[in-house]
Amino acid sequence: MSGGEILHAWFDLVRRRSLKIGGLALAVSLAGCAIGAFWLRAAPLLLGAYLIAYLFVLGAALGSLGLLMLGHLTGGAWAAAIRRALEAATRTLPVVTALFLPILLGTGNLYHEWAHPAEHDHLIAEKRAYLNVPFFLVRAAVYFASWNGLAYLLNRWSLQQEQDPSPRLARRFRLMCGPGLVLYGLTMTFAAFDWGMSLTPHWFSTIYGVMLIVGQGLTAMAMAVGATLLLADRRARLTDVPAETRADLGSLLLTFVMLWAYMSLSQLLIIWSANLPEEITWYMPRLRGGWGAIGVLLAVFHFIVPFFALLHGGVKRDPRRLIQLCGLLLVMRVIDLLWVIGAGLHVSGAWALLLPPMVAIAAAGIGGVWLAAAVRQLRARSLEPYPPVLEAAPAGPEAAS
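What you see is a predicted model, and the numbers here were worked out from it, not measured in a lab.

### What about the packing of helix 11 (residues 208-233) against helix 16 (residues 319-342)?
- Between helix 11 and helix 16, the shortest axis-to-axis distance is 9 Å and the interhelical angle comes to 150°. As summarised for this structure, helix 11 and helix 16 are arranged roughly antiparallel, according to the angle between their axes. Crossing of helix 11 against helix 16: the hand is left-handed. For the pair helix 11 and helix 16, contact is made by Tyr-208, Gly-215, Leu-218, Thr-219, Ala-222, Met-223, Val-225, Gly-226, Leu-229, Leu-230 and Asp-233 and by Pro-319, Arg-320, Leu-322, Ile-323, Cys-326, Leu-329, Leu-330, Arg-333, Val-340 and Ile-341, respectively.
- Its residues assigned to classes, the contact of helix 11 with helix 16 comprises 15 nonpolar, three polar and three charged.

As structure tokens, this is what we get:
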């Protein structure tokens, strides 16, 4: 078999296994969502587990969209190295949009506290102009239309650029990606308020949306770096990723890890120092019992271990160790969403014990289907970096010419 045939066989194997495992797990999760849509008591557990897994996969696709636009604006070897993985992830957004349907159908039960508020709840009554089901659905439609539109244009122009690498297309990317990043930031901030923060409608935090956006950037970076290095390790590309570029990618991972820790700690310190009952109630359950143990787990494996590992130049230049670290960060992203979203689902007792395994099943289902779609998109186009030269451009008169 030729190298191309071996690669296609490997892609097919990964895709088949992802669909097999993901399809089975997704069927179980969708059955749970159907039960939750009709049984109010089970809705926080079953629909909530699906929501947590969905936000993780959404983060991989949307974070890739944000990084892709950032790469077009800034350029550099790091952007070229992971561009193919990012583009493939953005082309899965139609699948991600379709996977939102269970949340759409279960809106009334999952967000029961504001969808069917008590008559004496004056605080929610004041938010009724924003927190109502019809407007919730309209906003979701606007979000997905914006994200799919940006992804479509970026991938269409990328294909045109390969056929006609003119400066005109590069300028078109730059002109669109600036406003595109603003649009992504605004829509994802409001989506974070709608799908995450509104689970506890009496509480609010202006940094909540930024926390989820940074988490999406970390998810996408870990996914793209891991996939790019894995493909290079299997000789799926004609060119390897140079050691200096791997170091740059590791430094970007470190940046996102530090940003995530900074945002999380800032919110905690600001809310805790204010000592307002309507704000600290969000943290009280998350710092006690099992949720407190998960918080310690996040502090150690989502920040301390990756932080000190990525400070070491040898780790950043070693592709296998970098792939392992990316895998750890992806697992911790799911656990972080479990901690942020899960504690706001109002599940207790035996229901709380069932939440982590239900999240794992939902993540395997949605993640498996998404991975199969991403592999299909990777196989559909060239895996070679673009621009094709990853090394830094020479300085001086030659570069200007």
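### Re helix 16
- For helix 16, built from 24 residues, the straight-helix expectation of 34 Å at 1.5 Å per residue is met to within 8% by its first-to-last C-alpha distance of 34 Å.
- In this structure Asp-318 caps helix 16, since a side-chain oxygen of it lies 3.2 Å from the backbone nitrogen of Arg-320.

### Observations concerning the pattern of salt bridges
- Applying the stated criterion across every chain, the model contains seven salt bridges.
- Each of the salt bridges in this network shares a partner with another, and the network as a whole consists of Arg-83, Arg-84, Glu-87 and Glu-162.

### Overview of the packing of aromatic side chains
- Counted according to the given criterion, the structure contains 22 aromatic pairs.
- Between Phe-144 and Trp-147, the ring centres sit 5.4 Å apart and the planes meet at 80°, which makes this aromatic pair edge-to-face. Of this pair, Phe-144 and Trp-147 are both found in helix 9 (residues 133-163), three residues apart, which corresponds to roughly one turn of the helix.
- Phe-144 gets classed as buried once you look at its relative accessible area, which sits at 7%.
- Judged by its relative accessible area of 0%, Trp-147 is buried.
- Note on Trp-203 and Trp-282: the rings are 4.6 Å apart at their centroids and 10° apart in plane angle, and the pair reads as stacked. Residue Trp-203 is found in the loop between helix 10 (167-195) and helix 11, and its partner Trp-282 is found in the loop between helix 13 (277-280) and helix 14 (289-311); the two are separated by 79 residues along the sequence. Like Trp-203, the residue Trp-282 is buried in the burial classification.
- Members of the aromatic cluster, each reached through a chain of ring pairs, are Tyr-54, Phe-100, Tyr-143, Phe-144, Trp-147 and Trp-195.

Calculation rules
Sequence order sets the numbering: in each chain, residues are counted from 1 along the sequence as written. Predicted model: local features are reported for residues with pLDDT of at least 70 only, side-chain atom pairs are reported and counted for 80 or more only, and whole-chain, interface and lining totals are derived from all residues. Each side-chain value is derived from all of the structure's non-hydrogen atoms; neither hydrogens nor water enter the calculation. Angles here are taken between N-to-C directions and fall from 0 to 180 degrees, while the axes themselves are lines fitted to C-alpha atoms, restricted in helices to the stretch in contact. Secondary structure elements are defined from DSSP: runs of H or I of at least 4 residues count as helices, runs of E of at least 2 residues count as strands, and each element is numbered from the N terminus. Just so you know how the angles are binned, under 35 degrees is roughly parallel, over 145 roughly antiparallel, 65 to 115 roughly perpendicular, and the rest oblique. Take the far helix as the reference: if the near one is turned anticlockwise from it by less than a right angle, the crossing is left-handed, and if turned clockwise, right-handed. Contact definition: two residues touch when any of their heavy atoms are within 4.5 Å. Only Asp, Glu, Lys and Arg are considered charged, only Ala, Val, Leu, Ile, Met, Phe, Trp, Tyr, Cys and Pro nonpolar, and every remaining residue, Gly among them, polar. Expected helix span is taken as 1.5 Å per residue step, with the number of steps being one fewer than the number of residues. Here a polar contact is recorded for every N or O atom pair within 3.5 Å, except that within protein the pair must consist of a potential hydrogen donor and a potential acceptor, and residues adjacent in sequence are included only if both atoms are side-chain atoms. Any Lys or Arg side-chain nitrogen found within 4 Å of a carboxyl oxygen on Asp or Glu counts as a salt bridge. Note on ring pairs: Phe, Tyr and Trp rings are taken, using the six-membered ring of Trp, and paired if centres are within 6.5 Å. Classes follow the plane angle, with under 30 degrees stacked, over 60 edge-to-face and the rest tilted. The buried label goes to any residue with under 20% of its type's maximum accessible area, the exposed label to any with over 50%, and the partly exposed label to all in between, with areas taken from a 1.4 Å probe on protein chains only.

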